[in-house]
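# Structural description and commentary
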Amino acid sequence: MTQSCVTPGLLHYEPPIFEIGAPGRSGASMPALDVPEADPAEVLGDLAREEPPHLPEASEVEVVRHFTRLSQWNHSIDLGMYPLGSCTMKYNPKVNEAAARLPGLAGLHPYQPTDQLQGALELLWELERALCELSGFARATLQPAAGAHGELTGLMLIRAYLTAQGNPRTKVIIPDTAHGTNPASVALNGYKPVPVKTGVDGVLLPADVEAVLDEDVAAIMVTNPNTLGIYETHLAQIAEKVHGAGGLVYMDGANLNAIMGKVRPGELGVDVMHFNLHKTFSTPHGGGGPGAGPVGVVERLVPHLPRPTVEQDGDRFTLDFDRPESIGRVRSFYGNFGVLVRAFTYIRELGGEGLTQATEMAVLNANYIRARLKETFGPSHDVDTLHETVFTGKPLKKETGIVTMDVAKRLMDHGFHPPTVYFPLIVPEALMIEPTETEPPEELDRFCDAMVHIHAEAHQSPETVHAAPLQVGLRRLDETRAARKPRLRWTPPEETE
Amino acid sequence: MLEVIGVGSVEDLFGSIPAACRAKGPLDLPAPLSEHELLTLLRGLAGANRSAAGDVLAFLGAGATPHIIPQALDDIIRRSEFLTAYTPYQAEISQGTLQAIFEYQTVVCELLGLEVANASMYDGASAAAEALLMTRRIKRRDRFVVSEGLHPEYLETCETYLSGLSGAQLVRVPLGPDGRSDASAVKAALAEAPTAGLVVQSPNFFGVAEDLAPLADLAHEADALAVAAVTDLVSLSALAPPGACGYDVAVGEGLGYAVPVSLGGPGLGIFATRDAFKRQMPGRLIGETVDADGVRGYVMTLATREQHIRREKATSNICTNHGLIALCFTIQSALLGRSGFAQLGRLNFAKAQYARQAIGALDGFALRYDAPSFNEFAVRVPGGDAEALTADLAKDGILPGVALGRFDPRWKDTLLVSVTELHRREDIDRLVAALAGRGGRS
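The rules behind these values
Residues numbered from 1 in each chain as written. Chains lettered and ligands numbered in written order. Predicted model: local features only at pLDDT ≥ 70, side-chain atom pairs only at ≥ 80, totals over all residues. Helix = DSSP H or I, 4+ residues; strand = E, 2+ residues; numbered from the N terminus. Rg over C-alpha atoms; globule rule 2.2 N^0.38 Å. Buried ≥ 20, exposed ≤ 12 C-beta atoms within 10 Å, placed from the backbone. Contact = placed C-beta atoms within 7 Å. Core = buried A, V, L, I, M, F, W, Y, C linked by C-beta atoms within 7 Å. Domains from an automatic or database assignment. Pairing = 2+ DSSP bridges. Axes fitted to C-alpha atoms, helices over the stretch in contact; angles between N-to-C directions. Nonpolar A, V, L, I, M, F, W, Y, C, P; charged D, E, K, R; others polar. Arc of directions from axis to C-beta. Parallel < 35°, antiparallel > 145°, perpendicular 65-115°, else oblique.

### Comments concerning the overall build of chain A
In terms of regular secondary structure, chain A is built from 15 helices and 13 strands. Relative to its length of 497 residues, chain A is compact, with a C-alpha radius of gyration of 25 Å against a globular reference of 23 Å. The proportion of buried residues among the 497 residues of chain A is 58%. In chain A, 72% of the contacts between residues at least 6 apart in sequence involve partners at least 24 apart.

Listed below in structure tokens is the structure:
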């Protein structure tokens, strides 16, 4: 159904691009045909396309306005705080964008001879070295396109290593606080996930791991600090036990922003870890990606890394395809180079000292929010947290009927993106807040004030909170309707009922 | 702030990390740089490369075919509201991203001739691997037949993805003498054992336009699903789309069409299928709905397929995708529009035909395959060493194509030449003259 809406001020209700423009209109700027004309249909015969695809028909200004108007319906980190827990929505420095767009980087073709790619390969090599220095690993692959892709790659490395040892094994232990990608990646690589419960103090206990540990366990997959923001204090001991049983230790590096310069996972018994460059290393999320998920490994897994690897040979850099024990490639080409350039730029901008400081400020900011809100919303666990902090909305729900989703929607009316909600799964009515280091104290205060205000409002005027959002141009969207009768593409109005 | 928290120093906040776990020494990384110093460093690194988009005259495609990217595109995607937003988990303040992806899904369906498209995958290769896994879920079989016309890096990626799944078998079928997938070999491979899916690329890796429809028929006769891969979307302006040729799944790569090739990434993994299979798809889907006042809006939907709900039972582990590049793709397609896209196809075809005829006529050079092509074609070079020829021409600032020996020693004599709207007639003439200078040499 199409409802015409009055545009409130500068907020434009914008129809789909297919409802804009007129037949025959185009925003293309096309070079002239300077060779003899050749008719594809004549040469291709039966293989030719009969009817051109129904693409939009709009002028450049119409297209530009369309997307500019759409953009104004988004919250973004440049507009305000975006405290999604475990997503590390830190500010993305503008210099990263300039770097990635340098013609000598953006214009490179993956199949140019490597002597024309020396600067790019040097950059990749230096980025790999920096990630290894941060994490304590021997080598890293830059190929994976995202965190989940890194997880899959890391698990494949574990499988390859164990297979070379004689038995790939069958199971991977995963704590109940894990991100959903962990069990999904495990299944995708043919392993069976074995859940293990988090202890009452919010960390994994060696005895609980030992209870499910046997000769079939290929690895344990741990996020550290975990998704409660709590440091896994027994990780080194757990690693020892898993190694003792012949398994490996995978660390999900989603929360690396909490420990840069403080802890090197490779020194703790971790064998494999993926990095999320779009979280820890400030590359923009782009409304869902692209990211990059490099994977660091200890020495014994190096032979299995995806090919090609970048190698340094004197003052030259090369691509090494001749890696007989490699798992192969996990994608085309060499990785999300444009994202890697941005992360490299960030690392060089901050240096070791700056990265350590980023971690310190991230932890300071999260603890400030925890301290300011702990009397209002109860923390999930009475344990020190690092870069993020999880509250439970369970008491509020009991007192007022207002659930976490209501609080989240009401935050929008205060100009904030809500925190991660209903995750981790073990915390009822969870609100998982990660401010990152780039929020100024005044913004943290505004956010805390809003949370306190909403909490009070839930008691005084619950119907207002439940009706939220009220200030963002749209009311709550009907997700049930979307799922019951899925409309997954635009169709001309006359074709709809 | 420390006072509010109740600690004496920032270091106290790290007290939960046991002393034995602390890093042995500070980070040994280069000192911090100012913005100006950074750009100097980056320009230095960029300057140590030779850009295929300006420093040299390049005819490189092979799954990363550059096209003209309009100025307005980069301007739009640099808008912070798109660039610095997260995955649209909170629909009411993510309508810009959600509507753009809904439009993206529509354009993908139109280009590929299919009914449902997801919100993007990482790249064409991983999308192809995910397509195999989807056919496996639907058919509950572990055997796949793949044409050797599939990009070798896609093939290798598929093999890697299948490596952990016990019993998974990937059978390669060679191309026939004209450069198209050998239908009788495909039929035989499908007949050998129950198969989940057949994968064919068109134009295939050698630039040859496949006769797609009969191959899909063969797959269906063997009760397998048919998967098509497209590595340059512009080809869909001239060639019948996979959906119209009977394919159940189509995957594609948006690199070059939506974004500069940037050493091969980030690109865009395109994934589309039939309506009947939408609940088996990997990745996110955006659907239209209304808000509490009945106003049109968009949300993520059918999420019960996804990892954050289904965990190990999800259809894929994908979470972060290539949303921003999907936006680039949508903007490019919108700016070109229906007529511009068709015109772009005619330009590519005419220029490539011009080059193909000229190079094919050169002494010592021969087209590897005779079947029709779109904007890329394979040529056997005199002397049989395409890499040596490439290195030779590189000295004159020309990259005449991709020497295929890097993928397979059997293809050592072959150069894959890509010609698009980016090449002027004089560029093509310069290439032909440079090759003619090497003709007949051994």
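### What about the overall build of chain B?
Across its full length, chain B carries 13 helices and 15 strands. Relative to its length of 442 residues, chain B is compact, with a C-alpha radius of gyration of 24 Å against a globular reference of 22 Å. Dimensions of chain B along its principal axes, counting C-alpha atoms only, are 85 × 55 × 50 Å. In chain B, which comprises 442 residues, the proportion classed as buried is 64%.

### A short note on unusual backbone geometry
The step from arginine 307 of chain A to proline 308 of chain A runs through a cis peptide bond, and the omega angle for that step is 0 degrees. The topology assignment puts proline 308 of chain A in the loop between β7 (295–297) and β8 (309–313). Within the chain, threonine 436 of chain A stands out as a residue other than glycine whose phi angle is a positive 70 degrees. You can see threonine 436 of chain A is positioned in the loop between β13 (430–433) and α13 (441–460). Residue classification places threonine 436 of chain A among the buried residues on the basis of 26 C-beta atoms within 10 Å. A positive phi is found at serine 262 of chain B, a non-glycine position, where the angle reads about 40 degrees. With respect to the helices and strands, the residue serine 262 of chain B is situated in the loop between β7 (249–253) and β8 (269–273). Assessed through the 29 C-beta atoms surrounding it within 10 Å, serine 262 of chain B is described here as buried.

### Considerations on the nonpolar core
Residues and elements named next belong to chain B. Ranked by internal contacts, the top residues of the largest apolar core, which has 306 residues, are Ala128 and Leu198. By residue number, the principal contributor to this core is helix α11 (residues 323–360), which donates 19 residues. Residue assignment places this core across two domains, with domain 1 (57–69 + 338–436) and domain 2 (71–332) each supplying three or more. Leaving out residues up to four positions away in the same chain, leucine 198 has contacts with Val145, Val186, Leu190, Leu215, Ala219, Ala224, Ala226 and Val227.

### Considering the sheet that holds strand β11 (residues 366–367) of chain B
All names here are of chain B. If you walk across this open sheet you meet the four strands as β11-β12-β15-β14, and the pairing is antiparallel. Taken across any chain shown, the strands that pair with only one partner, and hence form the sheet edges, are β11 and β14 (402–403). Set on the sheet, α11 makes contact with β11, β12 (376–380) and β15 (414–418); between it and β12 the angle comes to about 5 degrees.

### Points about the domain arrangement of chain B
Where interface size is quoted, it is often the accessible area lost as the parts come together. Residue and element names in this part refer to chain B. Assigned domains within chain B: domain 1 (57–69 + 338–436) and domain 2 (71–332). Among the secondary structure elements, those contributing two or more residues to the side of domain 1 that touches domain 2 are α11 and β12. The biggest single contributor to the side of domain 1 that touches domain 2 is α11, with six residues. Taken together, the residues that form the side of domain 1 that touches domain 2 break down as 15 nonpolar, eight polar and four charged.

### With respect to the interface of chain A and chain B
Chain A puts 173 residues into the contact, and the matching count from chain B is 169 residues. The element contributing the most residues to the side of chain A that touches chain B is helix α10 (residues 337–373) of chain A, with 21 residues. Partitioned by chemical class, the residues of the side of chain A that touches chain B number 92 nonpolar, 49 polar and 32 charged.

### Examining the pairing of strand β11 (residues 389–392) of chain A
Residue and element names in this part refer to chain A. Taken together, the two bridges between strand β10 (residues 378–379) and β11 define a ladder with antiparallel strand orientation. Bridge pairing in β11 places glycine 378 opposite threonine 392. Where β11 and β13 come together, four bridges link them in antiparallel fashion. Paired with threonine 389 across the bridge in β13 is isoleucine 433.

### Brief notes about helix α8 (residues 183–192) of chain B
Residue and element names in this part refer to chain B. Regarding α8, the residues found buried are Val186, Ala189 and Leu190. Looking straight down α8, one finds that the buried residues subtend no more than 95 degrees of arc, so they occupy a single side. Residues of α8 that are exposed and point more than 90 degrees away from the buried face comprise Ser184, Ala191 and Glu192.

### Observations regarding the pairing of strand β9 (residues 285–290) of chain B
The two faces of a sheet get side chains in turn, since along a regular strand they alternate between them. Residue and element names in this part refer to chain B. For β9, a buried count of five out of six residues is recorded, marking the element as mostly surrounded by other parts of the structure. Here β9 runs beside strand β10 (residues 296–301); their pairing, made up of six bridges, is antiparallel. Within β10, the residue paired with glycine 287 across the bridge is valine 299. The antiparallel pairing of β9 with β10 creates a hairpin that spans five residues between the two strands, and glycine 294 there sits at a positive phi of about 85 degrees.

### Focus: the sheet that holds strand β12 (residues 420–421) of chain A
All names here are of chain A. What the four strands build is an open sheet, ordered β10-β11-β13-β12; its pairing is antiparallel. Only two strands of the sheet have a single neighbouring strand rather than two, namely β10 and β12. Sheet contacts for α10: β10, β11 and β13; angle to β11, the most-contacted strand, approximately 25 degrees.

### Some points on the packing of helix α5 (residues 118–135) of chain A against helix α2 (residues 35–47) of chain B
The contact between α5 of chain A and α2 of chain B brings their axes to 6 Å, and the two run at 125 degrees. Considering their axes alone, α5 of chain A and α2 of chain B lie oblique with respect to each other. For the pair formed by α5 of chain A and α2 of chain B, the contact residues are Gly119, Glu122 and Leu123 of chain A on the first element and Leu45, Ala46 and Gly47 of chain B on the second. Its residues assigned to classes, the contact of α5 of chain A with α2 of chain B shows three nonpolar, two polar and one charged.

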